[in-house]
Amino acid sequence: MKKRNREALNMFFSAFLVAAYVICCYFIMQLASSLTNQTLYSGVTMTLVVFFGVMLFYATRVGDGKQVIRFSPSVLILMVLPSLYVILAFFAVGLPLHSQIVDNGIVIYLAAVGFGYSVPYSFTSGFEMVAAEDVYFPEHFENDEKK
């Protein structure tokens, strides 16, 4: 299979994965709406939306090559911690900004998607075609190209 066809197929299945998740999530949310406990309903909603962020991460990280494992403190500080605070402030009444977050429902969903996306992004990157040895030892990569 040609590389271009394979990439198109990967992107199609990624888009299908996200669309299927949204449809399934709709039906699960309809079932969860019958819960009488509002905290349990919010917990189910948060879990589904965080998992949606993980699915978005996977859908945008398909490709050939080698998965790059790394730790990114900037993603952890700029994305994970603020989204985690918004989620905690939604549930914890005593935290600052609790009432503003509860009043504006879209903020909690954005924070949950951001949390689900940024946690795996803090530890992995996309697929790279260049081997790790070539990044750390560029003269080795140049010698391979001359052969």
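For the structure itself, look to the data block above.
Remember, it's a predicted structure, so these values are computed and weren't measured experimentally.

Visitor: What is the right way to look at helix H3 (residues 73-91) in this model?
Guide: The α-helix winds at 3.6 residues per turn, so residues separated by three or four positions along the chain end up facing the same way. Over its 19 residues, H3 extends 26 Å from the first C-alpha to the last, a length consistent with the 27 Å expected when each residue adds 1.5 Å. Along H3, the sharpest kink reaches roughly 30°, centred on Val 80 and followed within four residues by the proline Pro 82. The complete set of buried residues in H3 reads Val 75, Val 80, Ser 83, Val 86, Ile 87, Ala 89 and Phe 90. In the core, the buried residues of H3 are packed alongside helix H2 (38-60), helix H4 (98-103) and helix H5 (105-121).

Visitor: Honestly, the environment of Tyr 109 in this entry has me stumped. Any pointers?
Guide: Locating Tyr 109 in the fold gives a position in helix H5. Classification of Tyr 109 as partly exposed rests on a relative accessible area of 34%. Sequence-wise, Tyr 109 and Ile 87 are 22 residues apart; in three dimensions their C-alpha atoms are separated by 8.9 Å. Not counting the four nearest positions on each side in its chain, Tyr 109 is found in contact with Thr 45, Met 46 and Val 49.

Visitor: So what exactly am I meant to see when it comes to the packing of H3 against H5 here?
Guide: When two helices pack together, you describe them by how their axes are tilted relative to each other and by the distance separating the axes. Between H3 and H5, the shortest axis-to-axis distance is 8 Å and the interhelical angle comes to 140°. Classified by the interaxial angle, the pair formed by H3 and H5 is oblique. For the crossing formed where H3 meets H5, the hand is left-handed. From H3, Val 75, Met 79, Val 80, Ser 83, Leu 84, Val 86, Ile 87 and Phe 90 reach across to H5, where they touch Val 107, Ile 108, Ala 111, Ala 112, Gly 114, Phe 115, Tyr 117, Ser 118, Val 119 and Tyr 121. For the contact of H3 with H5, the class distribution of residues is 15 nonpolar, 3 polar and no charged.

Visitor: I tried to follow the packing of H2 against H3 on my own but got confused; where do I start?
Guide: Closest axis-to-axis distance for the H2/H3 pair is 11 Å, and the angle between their directions is 165°. Between H2 and H3, the crossing angle belongs to the class labelled roughly antiparallel. Our pair here, H2 against H3, has a crossing hand that is right-handed. In this structure, H2 contributes Thr 39, Ser 42, Gly 43, Met 46 and Val 50 to the contact, and H3 contributes Ile 87, Phe 90 and Phe 91. When the residues that make up the contact of H2 with H3 are grouped by side-chain class, the tally is 5 nonpolar, 3 polar and no charged.

Criteria and thresholds
- Residues numbered from 1 in each chain as written.
- Predicted model: local features only at pLDDT ≥ 70, side-chain atom pairs only at ≥ 80, totals over all residues.
- Heavy atoms only, no water.
- Helix = DSSP H or I, 4+ residues; strand = E, 2+ residues; numbered from the N terminus.
- Expected span 1.5 Å × (residues − 1).
- Bend = angle between axes of the 7 residues up to and from the residue.
- Buried < 20%, exposed > 50% of the residue type's maximum accessible area, 1.4 Å probe, protein only.
- Contact = heavy atoms within 4.5 Å.
- Axes fitted to C-alpha atoms, helices over the stretch in contact; angles between N-to-C directions.
- Parallel < 35°, antiparallel > 145°, perpendicular 65-115°, else oblique.
- Left-handed = near helix turned anticlockwise from the far one by under 90°.
- Nonpolar A, V, L, I, M, F, W, Y, C, P; charged D, E, K, R; others polar.

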